[in-house]
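Structural overview
Here is what each chain is made of, one letter per residue.
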Amino acid sequence: MSWSLPTAAATYTVDLAEDGAGLVLQDWSDQPARAWQPAARQGFETDLDRLPSEFSALGSRQVRGADLVLDHGNGLVGARLVWDGDRVDLLQDGPITRLTAVGRDTTGHLTVELVIETSLEHDVVRKWVTLANSGVSTLRLERAFGPAWELPLGPGASVDYLAGAWSREFTPFAIALPAGEFTIGSRQGITSHTFSPTLRVAPLDRPDGQAHGQAYGLALAWSGSWRMLVDAPPFRERVRVAGGVDDEATVITLQPGESFSTPPMLGVFAPDGADGVRRRWHEYQRRWLARDLGPDHRPIVYNSWYATAFDVGQDHQLALADVAADLGAEVFVIDDGWFAGRRDDRSGLGNWWPDPEIFPTGLEPLISGVVARGMRFGLWVEPEAVNPGSEVLFAHPDWIYRADDRPLVTVRGNQYVLDFGRPEVLDWTESWLRDLLADRRITYLKWDMNRPVSDGGRRGDDHGRQWSMQHTEGTDREMRMLHEEFPHVIVEACSGGGGRIDPAVLALSDVVWPSDETGPRDRTAIQHGFLSAYGPHVMSSWVTDEADRLDTEPASLEYRFVVAMAGVLGIGSDVLAWTQDQRTRAARLIGLYQTIRRTIHTGRVEFHGLPADPVHAVEYGSPEQTVLLVYARAARAESVVLAPKTVRTDRTYRLVGTDRQLGGADAQQGIAVPFSLAPDADVVILQALP
Ligand code: DGJ
């Protein structure tokens, strides 16, 4: 028995193995499904070890790894899963194909429902598992990963991943894994700056950046602690990628009748290597994860954080707003520092009302001033965090995470985290968010989170080892509430820079802040890594006055703008300190961005070289326009010719800024970059003629 789930360009085909031993991946490619055979027998292996199983349990196999570790609570660990062909359903619903398979442990205590979903409109395969206690006693899930990917590309694999640290997020790394296990994850209660829950896996013989040929992209839609694992067994043709909620701290308890659904695992097959994986993720995130705000509706933000830090004053903010509006900003956002008692990063969190000393009559005068200048108004919040001395902590000292009487850990000066696993904390959070947004003309909210959530556990609570997972479910609930009840509010997700960016947060927010590093040369490197997995339509990027931290080569104002134009442009500079000449140039650059924004947000992204090269470019192509954002070292070679990849041979283009018209085929031969904008940056625009 076999079932085929078509995507836009490929097919995911599964079989039921003999004797109901499990669903197995037959093939996943854009070619007719290849016949599948169990792996050749090796000494010590059981029959089940030879299967490319979608979902495996400890106790079912003897040699290969498990996605499920089940503790029956009576000294017995493991499960023997059996699957019935009559309980596999394939449903067709418009473009969507959904396979549901039901299995059970032979004890009868656990039921497993595995769902695989594809669509003809994109190339992402989405899978998850629901585990239900169908017995009469308590079960504990010591590991409850989602369904795995048995990639047909071994033996061995080359693995690309994104790793980093605060201000160095999304740095690409690659390893060759001829045999062995490789794991990444987060134990911080947030997605983390350390690793991104996304991997690219290709055959081992292509450790060249995987530019061409078959490659797979795998991602986990989860914004809390997590783990992903690549298992390349020696001499085996399938390489397994598994993952799910972190199995170090988390143990899930299922009482009779209770169930747990794993976060979705997402995967794409690309016949065209890293470029193909990137294109497919972008398309999916744009059309399926993101809300439709219209192509121009991720606005240009002015955010005053870099200009003022905690030194917030009403008149000063209005003065900044004056200049920001003149430059062409579309939203004015006050970052940290607007709420009661927030003079530094040691106090105030939790007091979510305007500081009476800064805003004696509330926020209304500032909001009116901003709106009168033709901009929207936005605020920064950090709902999960609280400082000692805040009213909420005074009233509810037990609302923060604390494992019994273990000494409390503060981070970032003086910061604790509210226990979002408690319904009363979520209710309180929802109520102040509603109060804040209900009667005010606030249409932009930046949700920040500046510390790990890693000190929990509840004595005596049956679900106490799920606290970290519950925290993530809590933040998801609050963010969902924002979209549902305040659809006019654009939500920017942030976590001390890029600490919480993953497919789950992309579905609950509108833009994300990839890094606190705004030094433009360092930023190009961060953005390059970001764009390999996440789309430009969500990539918030500001022009600031910050110096680079790692790459200290100076950059022109134009370079800074062209870096920020690569996603959702914003300004974070102290614009009052800008000269008239700088302001004039900035306004012109914002005007330029407005003419290309639609293509940046909706177009196909292609890379020309790497940020470390003397010249590199990022290209964006829509049916109407091709845009090349070009970055050069100060000491670049004089002439640079770039061959656009997104022009169409059946169209004629105008090279914007010149009288030149050229056919798509000619354009593909190469365009000389004039560097007319600045010696170190240029924007080349090819406008398709009707
Ligand atoms: C960290 C964020 O990444 C910054 O953009 C800024 O909002 C600060 N927090 C404010 O505390």
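Residues numbered from 1 in each chain as written. Predicted model: local features only at pLDDT ≥ 70, side-chain atom pairs only at ≥ 80, totals over all residues. Heavy atoms only, no water.

1. Focus on the overall build of the chain
The condition that has to hold: A run of H or I in DSSP becomes a helix once it reaches four residues, and a run of E becomes a strand once it reaches two; helices and strands are each numbered from the N terminus. Radius of gyration: over C-alpha atoms. The globule rule applied is 2.2 Å multiplied by the number of residues raised to the 0.38 power. When checking whether two residues touch, look at their non-hydrogen atoms; a contact exists if any pair is within 4.5 Å. Every accessible area reported is derived by Shrake-Rupley at a probe size of 1.4 Å, with residue values counting cover from the shown protein chains alone. Positive charges come from Lys and Arg, negative ones from Asp and Glu, while His and the chain ends are left out of the count. Note that the charge is assigned to NZ on lysines, CZ on arginines, CG on aspartates and CD on glutamates.
Secondary structure assignment for the chain yields 12 helices and 38 strands. A compact globule built from 690 residues would reach a C-alpha radius of gyration of about 26 Å, and the chain, at 26 Å, matches this within 12%. For the chain, the spread of C-alpha atoms along the three principal axes comes to 75 × 70 × 45 Å. Long-range pairs, those at least 24 residues apart, make up 68% of the contacts in the chain between residues at least 6 apart in sequence. By element, 51% of the accessible surface of the chain is carried by carbon and sulfur atoms, the whole surface being about 25200 Å². Both charge centroids of the chain, one from 65 positive and one from 95 negative side chains, sit 2 Å from each other.

2. Comments concerning the packing of helix α3 (residues 314-327) against helix α11 (residues 580-602)
Threshold: The convention used is that axes are lines fitted to C-alpha atoms, helices contributing only their stretch in contact, and that angles between N-to-C directions extend from 0 to 180 degrees. Any angle that falls under 35 degrees is termed roughly parallel, while one over 145 is termed roughly antiparallel, one within 65 to 115 roughly perpendicular, and all others oblique. Following the grouping adopted for this structure description, the nonpolar residues are Ala, Val, Leu, Ile, Met, Phe, Trp, Tyr, Cys and Pro, the charged ones are Asp, Glu, Lys and Arg, and the polar ones are all others, Gly among them.
One can describe the packing of α3 onto α11 by two numbers: an axis separation of 8 Å at closest approach and a directional angle of 50 degrees. One way to sum up the angle between α3 and α11 is to call them oblique. Taken together, the residues of α11 that come into contact with α3 (itself represented by V323, D326 and L327) are R583, A586, A587 and I590. By residue class, the composition of the contact of α3 with α11 is five nonpolar, no polar and two charged.

3. Here we look at the site of the ligand
Note the cut-off: One heavy atom suffices: a residue is near a molecule or strand as soon as one of its heavy atoms comes within 4 Å of it. Counting of polar contacts relies on pairs of N or O atoms within 3.5 Å, with two restrictions inside protein: one atom must be capable of donating a hydrogen and the other of accepting it, and residues adjacent in sequence are counted only when both atoms are side-chain atoms.
The local shell around the ligand holds 13 residues, among which D335, D336, K446, D448 and D516 are the closest. W380 is positioned with one of its side-chain polar atoms (N or O) 3.1 Å from an oxygen atom of the ligand. Within the side chain of W513, one N or O atom sits 3.5 Å away from an oxygen atom of the ligand. In isolation the ligand has 290 Å² of accessible area, and contact with the protein removes 97% of it. Within the shell around the ligand, the residues separate by chemical class into four nonpolar, three polar and six charged.

4. Thoughts on the environment of A438
Short version of the rule: Note on exposure labels: buried denotes an accessible area under 20% of the residue type's maximum, exposed denotes more than 50%, and partly exposed covers the range between, all computed with a 1.4 Å probe on protein chains only.
Among the structural elements, A438 can be located in helix α6 (residues 423-438). Given the relative accessible area of 49%, A438 is considered partly exposed. The spacing of A438 and S639 is 201 residues in sequence and 55 Å in space, taken between C-alpha atoms.

5. A look at the nonpolar core
Short version of the rule: Residue types Ala, Val, Leu, Ile, Met, Phe, Trp, Tyr and Cys, when buried and joined through side-chain atoms within 4.5 Å, form a set referred to as a nonpolar core.
Core analysis: the biggest nonpolar cluster contains 113 residues, and F332, W338, F561 and L629 have the highest contact counts within it. Sequence-distant contacts of W338, defined by excluding residues within four places in its chain, comprise W352, W353, P354, D355, F359, L363, L379, W380, V381 and L436. By size, the runner-up hydrophobic cluster in this structure holds 58 residues, among which are Y12, I184, L220 and V241.

6. Describing the sheet that holds strand β32 (residues 615-621)
Using the following cut-off: Two strands pair if DSSP finds at least two bridges between them.
Strand order in the open sheet formed by six strands is β31-β32-β33-β38-β35-β36, and the pairing between neighbours is antiparallel. Each having just a single partner strand, β31 (604-608) and β36 (661-663) make up the two edges of the open sheet. Each strand of the sheet is rotated relative to its neighbour by a mean of 25 degrees, with strand direction disregarded.

7. Some points on α3
Just so we agree on the cut-off: Take the residue count of a helix, subtract one, and multiply by 1.5 Å to get its expected span.
The terminal C-alpha atoms of α3, which comprises 14 residues, lie 20 Å apart, in line with the 20 Å expected from a rise of 1.5 Å per residue. Turning to α3, its buried residues are Q314, Q317, L318, L320, A321, V323, A324 and L327. Against β21 (301-303), α2 (305-308), β22 (331-334), α4 (364-372) and α11 lie the buried residues of α3. One or two positions beyond α3, positive phi appears at G328, with a value near 115 degrees.

8. Quick word on the pairing of strand β4 (residues 68-71)
Neither face of β4 is exposed, since L68 and L70 on one face and V69 and D71 on the opposite face are all buried. When β4 meets strand β9 (residues 139-144), the two strands line up antiparallel, connected through four bridges. Directly across from V69, in β9, lies its bridge partner R143.

9. Here's the deal with the sheet that holds β9
Judged by pairing direction, the sheet is antiparallel, and its three strands sit side by side in the order β4-β9-β18 without closing on themselves. Of all the strands in the sheet, just β4 and β18 (252-254) have a single pairing partner and so form its edges. Going from strand to strand, the sheet's axes swing by 30 degrees on average, the running direction of each strand aside.

10. What about the pattern of salt bridges?
For side chains bearing opposite charge, pairing can occur when the charged atoms are close. This is how it is decided: A carboxyl oxygen of Asp or Glu within 4 Å of a side-chain nitrogen of Lys or Arg is what we treat as a salt bridge.
Using the criterion set out here, one finds 54 salt bridges in the structure. K446 serves as the salt-bridge partner of D335, at 2.7 Å between the closest nitrogen and oxygen. One end of the pair, D335, is in the loop between β22 and α4; the other, K446, is in strand β26 (residues 442-447), and 111 residues separate them in sequence. Judged by its relative accessible area of 4%, D335 falls in the buried class. The buried category is assigned to K446, whose relative accessible area is 3%.

11. Here's the deal with the packing of α6 against helix α7 (residues 467-485)
Put simply, the rule reads: Should the near helix be turned counterclockwise from the far one by less than a right angle, the crossing is left-handed, whereas a clockwise turn marks it as right-handed.
Close contact between α6 and α7 brings their axes to 11 Å; oriented N to C, the two are set at 30 degrees. Our classification of the angle between α6 and α7 gives roughly parallel. Classified by chirality, the crossing of α7 by α6 is right-handed. Contacts between α6 and α7 pair L426, D427, T429, E430, L433, R434 and L437 from the former with G474, R477, E478, M481, L482 and E485 from the latter.

12. Focus: the pairing of β32
With seven of seven residues buried, β32 is to be regarded as a mostly interior element. Covered by surrounding structure in β32 are V615, A617, E619 and G621 together with H616, V618 and Y620, the residues of both alternating faces. Bridge count for β31 against β32 is five bridges, and the pairing is antiparallel. Bridge assignment links E606 to a residue of β32, and that residue is E619. Here β31 folds back onto β32 in antiparallel fashion, the turn holding six residues, of which G609 has a positive phi close to 75 degrees. Looking at chain direction, β32 and strand β33 (residues 625-632) are connected through seven bridges and run antiparallel. Bridging from a neighbouring strand, A617 pairs with V630 of β33. Hairpin connection between β32 and β33: a loop of three residues separates the two successive antiparallel strands.

13. Describing the side chain of D49
For D49, the location among the structural elements is in the loop between β3 (23-29) and β4. Side-chain polar atoms of D49 contact the side chain of T46, separated by 3.0 Å. Looking at D49, its side chain comes within polar contact range of the main-chain nitrogen of R64, at 2.9 Å. Setting aside chain neighbours within four positions, we find D49 in contact with R61, Q62, V63 and R64.

By themselves, these are just geometric observations and shouldn't be taken as functional.
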